[in-house]
Amino acid sequence: MRCPYCSEEMENGIVRSRGGVYFLPDGESIPRLYTEKEFNKHNAIGLPPYVTILPKQPEYPVAYTCRKCRKIIIDF
């Protein structure tokens, strides 16, 4: 994949976390719980792996990085 900022070739990988990962728009308060209802209330976008209580293997999102521009693009 080519970087949309500088057109250099991007490296691919995954984004990992030990807890829930989400995007929160400026001006929104932090959700109290990792539930769809709470995320919708705060206009948050949950990123995989989604926090669950089920003992299953998480699926991490594919990501691409451009080290030159210091950007990461994540599919969710």
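For the structure itself, look to the data block above.
Residues numbered from 1 in each chain as written. Predicted model: local features only at pLDDT ≥ 70, side-chain atom pairs only at ≥ 80, totals over all residues. Heavy atoms only, no water.

**Quick notes on the sheet that holds strand β5 (residues 71-74)**
Here is the rule: Two strands pair if DSSP finds at least two bridges between them. Numbered from the N terminus, helices here are DSSP runs of H or I no shorter than four residues, and strands are runs of E no shorter than two. The convention used is that axes are lines fitted to C-alpha atoms, helices contributing only their stretch in contact, and that angles between N-to-C directions extend from 0 to 180 degrees.
Strand order in this open sheet of three strands is β1-β4-β5, and the pairing throughout is antiparallel. In this open sheet, the two strands that pair with only one neighbour each are β1 (11-14) and β5. Across this sheet, the average inter-strand angle for adjacent strands is 30°, counted without regard to direction. Here strand β4 (residues 62-66) pairs with β5 via four bridges, running antiparallel.

**A word on the side chain of E38**
Just so we agree on the cut-off: With a 1.4 Å probe rolled over the protein chains alone, any residue whose accessible area is under 20% of its type maximum counts as buried; one over 50% counts as exposed, and the rest are partly exposed. When charges are tallied, Lys and Arg are placed among the positive residues and Asp and Glu among the negative ones, while His and the ends of the chain are skipped. A pairing counts as a salt bridge when a side-chain nitrogen of Lys or Arg comes within 4 Å of a carboxyl oxygen of Asp or Glu. Polar contacts, as used here, are pairs of N or O atoms within 3.5 Å; protein pairs need one atom able to donate a hydrogen and one able to accept it. Residues neighboring in sequence count only if both atoms are side-chain atoms. We call two residues in contact whenever any of their non-hydrogen atoms come within 4.5 Å of each other.
Locating E38 in the fold gives a position in helix α1 (residues 36-41). Among buried Asp, Glu, Lys and Arg side chains, E38 stands out as unpaired, with K41 the closest opposite charge at 4.0 Å. There is a polar contact of 3.1 Å between the side chain of E38 and the backbone nitrogen of R32. Setting aside its immediate chain neighbours within four residues, E38 contacts P31, R32 and L33.

**A closer look at the pattern of salt bridges**
Counted under the stated rule, the structure contains two salt bridges. Among the ionic pairs, E9 bridges to R2, the shortest N-O distance being 3.8 Å. What makes R2 exposed here is its relative accessible area of 53%. In this structure, R67 engages E11 in a salt bridge whose closest nitrogen and oxygen atoms are separated by 2.5 Å. You can see R67 sitting in the loop between β4 and β5 and its partner E11 sitting in strand β1, a full 56 residues away along the chain. Exposure remark for R67: the relative accessible area of 63% places this residue in the exposed category.

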